[in-house]
Amino acid sequence: MAKRINPNPGRPALPSREEILAFIASAMEKVGKREIAAAFAIKGADRIGLKRILKEIEEDGAIERGKGGLTEAGRLPAVVLADIKSRDRDGDFLAVPVEWDQAKGPPPKISVIAPRPGRKPGLAAPGINDRVLLRVEPTEGETERYSGRVIKVVGKNKAEIIGVFRAGKEGGRIIPVEKRAQGREIAIPVGEEGEARDGDLVSVTLQRETQFGLPQGRVKERLGSLGSEKAVSLIALHLHHIPHVFAAATLAEADAVEAAGVEGREDWRAEPLLTIDPPDAKDHDDAVMAVPDPDPANAGGFIVTVAIADVAAYVRPGSALDREALMRGNSVYFPDRVVPMLPERISNDLCSLRQNEDRPALAVRMVVTADGTKRRHSFHRVMMRSRAKLSYAQAQAAIDGFTDETTAPLLEPVLRPLWAAYEALKTARDERGPLALDLPERKVLLTADGAVDRVVVPARLDAHRLIEEFMIQANVAAAETLEQAKQPLIYRVHDEPALEKMRALGEVLASIGIKIPQEAKLRPALFNRILGSVAETEHAIFINEVVLRSQAQAVYAAQNLGHFGLNLRRYAHFTSPIRRYADLIVHRALIAACRLGRDGLSSEVTVGMLDQIGEQISAAERRAMAAERETIDRLIAHHLADRVGATFTGQISGVTRSGLFIKLDETGADGFVPISTIGADFYRHDEARHALVGERSGETHRLGDRVEVRLVEAAAVAGALRFELLSEGRSRPERSSPGDRPRTARRAGAPGRPPGIRNAGSRHRGSRR
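Keep in mind it's a predicted model, so treat the numbers as computed, not measured. (Residues numbered from 1 in each chain as written. Predicted model: local features only at pLDDT ≥ 70, side-chain atom pairs only at ≥ 80, totals over all residues. Heavy atoms only, no water.)

> Would you mind showing me how to read the environment of leucine 239 here?
With respect to the helices, strands and loops of the structure, leucine 239 is situated in helix H4 (residues 230–239). Between the C-alpha atoms of leucine 239 and isoleucine 161, which are 78 residues apart in sequence, the distance is 7.5 Å. The contact partners of leucine 239, leaving out residues within four places of it in the chain, are Ile162, Val177, Glu178 and Arg634. (Helix = DSSP H or I, 4+ residues; strand = E, 2+ residues; numbered from the N terminus. Contact = heavy atoms within 4.5 Å.)

Right, here's the structure in full:
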């Protein structure tokens, strides 16, 4: 960190803009408002003034706010975690930052300066695929290039190389799956092929590297045939370094765990709690119930109860189970498999709230008024017994008048009070006004043998909304209780959109004739008005996607920044400790704060320690989201491989100087149309209008336009689709209006250079609030 500034009595109470910028530029560690306030000895009400100055500097574009704190605009922070990916022409290692906002373009390259021999005897020499901590500085004369000195090798050869094995007369070659990361093929000498056969997906470890020529490697593991969809999720697991095999010590510890008893708990086994989950759910970590409040002072109100599996009773701090759960951070969900955070003995057995079986739980009981306002709440450690296991569709059908033998006896005493309580909470939710995005959540369905059957959009039911709202209220209650007890915790925070993203959103909206209202403070209501204005138009899905991309990434942190999307002042994840480590920390904090047992959060756990855990599990969550999204892309590309030549309808979801990204209506998959294949004109990129414009004809292809395309190539391994554009563009701008539709005509694209395949991305399994 830059040296602490000792203010003299004669200087102003607040630092100048230049002093703040100089401090940020010289910082050697993470810098935020707290560090700046400490450095300039700013206290009390002066912190409000500091916040105002920082906001003005950020609005001017001089600084940027990221996961590494505040930095000078357009440059990396002084210390960066990076992955060494390749070598340059001089043989020096090239690295890219682990965390990078893709909206800013390709990640910058960092030339790695290895420590001189003998300078740091205990420091391992870095190599390809190593993860390293670097102290970086810009390279003179190059705005997108940095040099970095190795501080520490964090992971030695942690990232395995995944690729397709091609057999040859003298061993073979590996064609890496991730071509962006691996610049060259890898030679496999005779005898190092292992069990690999031509066309197999394999993992490889590098054996020898030279400055010139291909690096040599050894096949470590045959992952499977590329003809199997199951190999697709394996690609994601290995590429993103997701642990998917439990350590022997972890499994042994799970097997030795004994079921918790009722001693020391409230006995709630007679309460009509039940679970409502997807039909294919294997673990059930939350149960709900609601009853009318008998208190005359709360006429029309309800007592709402949410009971969550008591994972803290089995996973103790510092145990093998705990260490591996922290390393994994969360469960990861693929169409063909689940990679759980905890072994099945815990997640699918002891902590799954099974029907008619005794299970320990941590429960919150909330008293709400007829208009959904919460009056009070309390936490309890209980023994419960789920009355029934229902699916969303089953519960909804019962409310809609179609009961079955399971739901018929539950309808009046259990289900109707649940729905009545939800209607009350919904009133309060509508008054609060959270961000109301409306995006179809596509789900890939597989056949019994693992092949893609179809892509569907499951119906969004009130049963889904009911459980979602109950869980949100329970999460808020957890954060409130812990704050009131002054107990450190990990919050789920969602910052307001950055100024840069708001400008980009404004440009996109302007391209379809919508202007963002100027307001003093950003609120979800602003975005909801925008979404409402396009709700019944052809742009609805597209603008919902654009608004989603404009939002900040929700993360875990020990400092409370509030939750912008939900429009809540405080929020913590409490409801899924089976699959999220953050929730387990919150459970332990509640046990300590409410004196519910001896297995709560230790008093020795500091805010700084929780902040580090928050950063670690936030990174694990981003890793899981990327793996899930890429797996969907690969599965859909595999599914469409035999439909090359077919035509599809979609919408232009991205415009670059290289071409157009198209999102298909049928599957939600993204593909690419290279600019060289569009028409017979020369197209230029109009950045302000988010369009490609023909120099001669003036024909325009603009972000959000509806189009028809022909599938030219489907690269299953890369998860990429390449299209040929069949739709004509809009007429010259002066003759068009924002609502014009493009004309469609089937025609072949003009010949051009062989186009490359760009990575295609589709929306991942679901949002994580």
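> I would appreciate a short explanation of the sheet that holds strand E15 (residues 286–292) in the present structure.
Strands pair in a sheet through their backbones, by hydrogen bonds, and they do so in one of two ways: parallel or antiparallel. Spatially, E13-E20-E19-E16-E15 is the arrangement adopted by the 5 strands of the open sheet, whose pairing is mixed. If you trace the sheet from one side to the other, it starts and ends with strand E13 (266–267) and E15, each paired once. On the sheet, helix H10 (residues 462–484) packs against E15, strand E16 (302–309), strand E19 (358–368) and strand E20 (374–385) and is oriented at approximately 105° with respect to E20. (Pairing = 2+ DSSP bridges. Axes fitted to C-alpha atoms, helices over the stretch in contact; angles between N-to-C directions.)

> Hey, could you run me through the packing of aromatic side chains in this one?
Each aromatic ring pair is specified by the distance between its two centres and by the angle formed by the two planes. A full pass over the atoms with the stated rule returns 3 aromatic pairs. Between phenylalanine 379 and phenylalanine 574, the aromatic rings sit 5.5 Å apart at their centres with planes inclined by 85°, giving edge-to-face as the arrangement. Of this pair, phenylalanine 379 sits in strand E20 while phenylalanine 574 sits in the loop between strand E25 (555–557) and helix H14 (581–593), placing them 195 residues apart in sequence. Neither residue differs from the other here; phenylalanine 379 and phenylalanine 574 are each classed as buried. Consider the rings of phenylalanine 661 and phenylalanine 672, whose centres lie 4.8 Å apart with planes at 50°: the pair is tilted. (Phe/Tyr/Trp six-rings, centres within 6.5 Å; stacked < 30°, edge-to-face > 60°. Buried < 20%, exposed > 50% of the residue type's maximum accessible area, 1.4 Å probe, protein only.)

> Can you walk me through the pairing of strand E22 (residues 443–446) in this structure?
For a regular strand, side-chain orientation follows a simple rule: the groups alternate between the two sheet faces. Two strands pair when backbone bridges link them, and E22 and strand E23 (residues 452–456) are joined in this way by 4 bridges, in the antiparallel orientation. Within E23, the residue paired with lysine 443 across the bridge is valine 456. In this antiparallel pair of consecutive strands, E22 and E23, the connection spans 5 residues, and glycine 450 shows a positive phi of 90°.

> So what exactly am I meant to see when it comes to the packing of H14 against helix H15 (residues 607–640) here?
In helix packing, the relevant descriptors are the interaxial angle and the interaxial distance, both defined with respect to the helix axes. Contact pair H14 / H15: the axes reach a minimum separation of 10 Å and the direction vectors enclose 155°. The pairing of H14 with H15 is recorded here as roughly antiparallel in orientation. On H15, the residues touching Tyr581, Ala582 and Ile585 of H14 are Leu610, Ile613 and Ile617. Residue composition of the contact of H14 with H15, grouped by class: 6 nonpolar, no polar and no charged. (Parallel < 35°, antiparallel > 145°, perpendicular 65-115°, else oblique. Nonpolar A, V, L, I, M, F, W, Y, C, P; charged D, E, K, R; others polar.)

> What am I meant to see in helix H11 (residues 499–510) here?
If you check H11, its first and last C-alpha atoms are 16 Å apart, about what 12 residues at 1.5 Å a residue would give, namely 16 Å. Among the residues of H11, Met502, Leu505, Val508 and Leu509 are the ones counted as buried. In a view along the axis of H11, the buried residues occupy a sector of 120°, so they form one face of it. The secondary structure elements touched by the buried residues of H11 are helix H12 (524–533) and helix H13 (540–550). (Expected span 1.5 Å × (residues − 1). Arc of directions from axis to C-beta.)

> I would appreciate a short explanation of the nonpolar core in the present structure.
Soluble globular proteins tend to pack their nonpolar side chains together in the buried interior. One finds Leu274, Ile346, Leu415, Phe470 and Phe574 to be the most contacted residues of the largest nonpolar core, which totals 91 residues. Broken down by element, this core gets its largest block of residues, 10 residues, from H10. Excluding anything up to four places from it in sequence, isoleucine 346 contacts Ala254, Val257, Tyr314, Val315, Leu321, Cys351 and Ser352. By size, the runner-up hydrophobic cluster in this structure holds 47 residues, among which are Met502, Ile543, Val547 and Ile652. (Core = buried A, V, L, I, M, F, W, Y, C linked by side-chain atoms within 4.5 Å.)

> Just to check I follow, could you spell out the pattern of salt bridges for this structure?
Oppositely charged side chains can form a pair if their charged atoms are brought close together. Overall, the coordinates contain 41 salt bridges when judged by the stated rule. Of the charged contacts in the structure, one is a salt bridge between aspartate 349 and arginine 359, with a shortest N-O distance of 3.5 Å. Here aspartate 349, found in helix H7 (residues 344–350), pairs with arginine 359, found in strand E19; they are 10 residues apart in sequence, far enough to count as distant. Overall, the relative accessible area of 9% leaves arginine 359 in the buried class. Residues joined by salt bridges that share partners form a network here, namely Arg345, Asp349, Arg354, Glu357 and Arg359. (Salt bridge = Lys/Arg side-chain N within 4 Å of Asp/Glu carboxyl O.)

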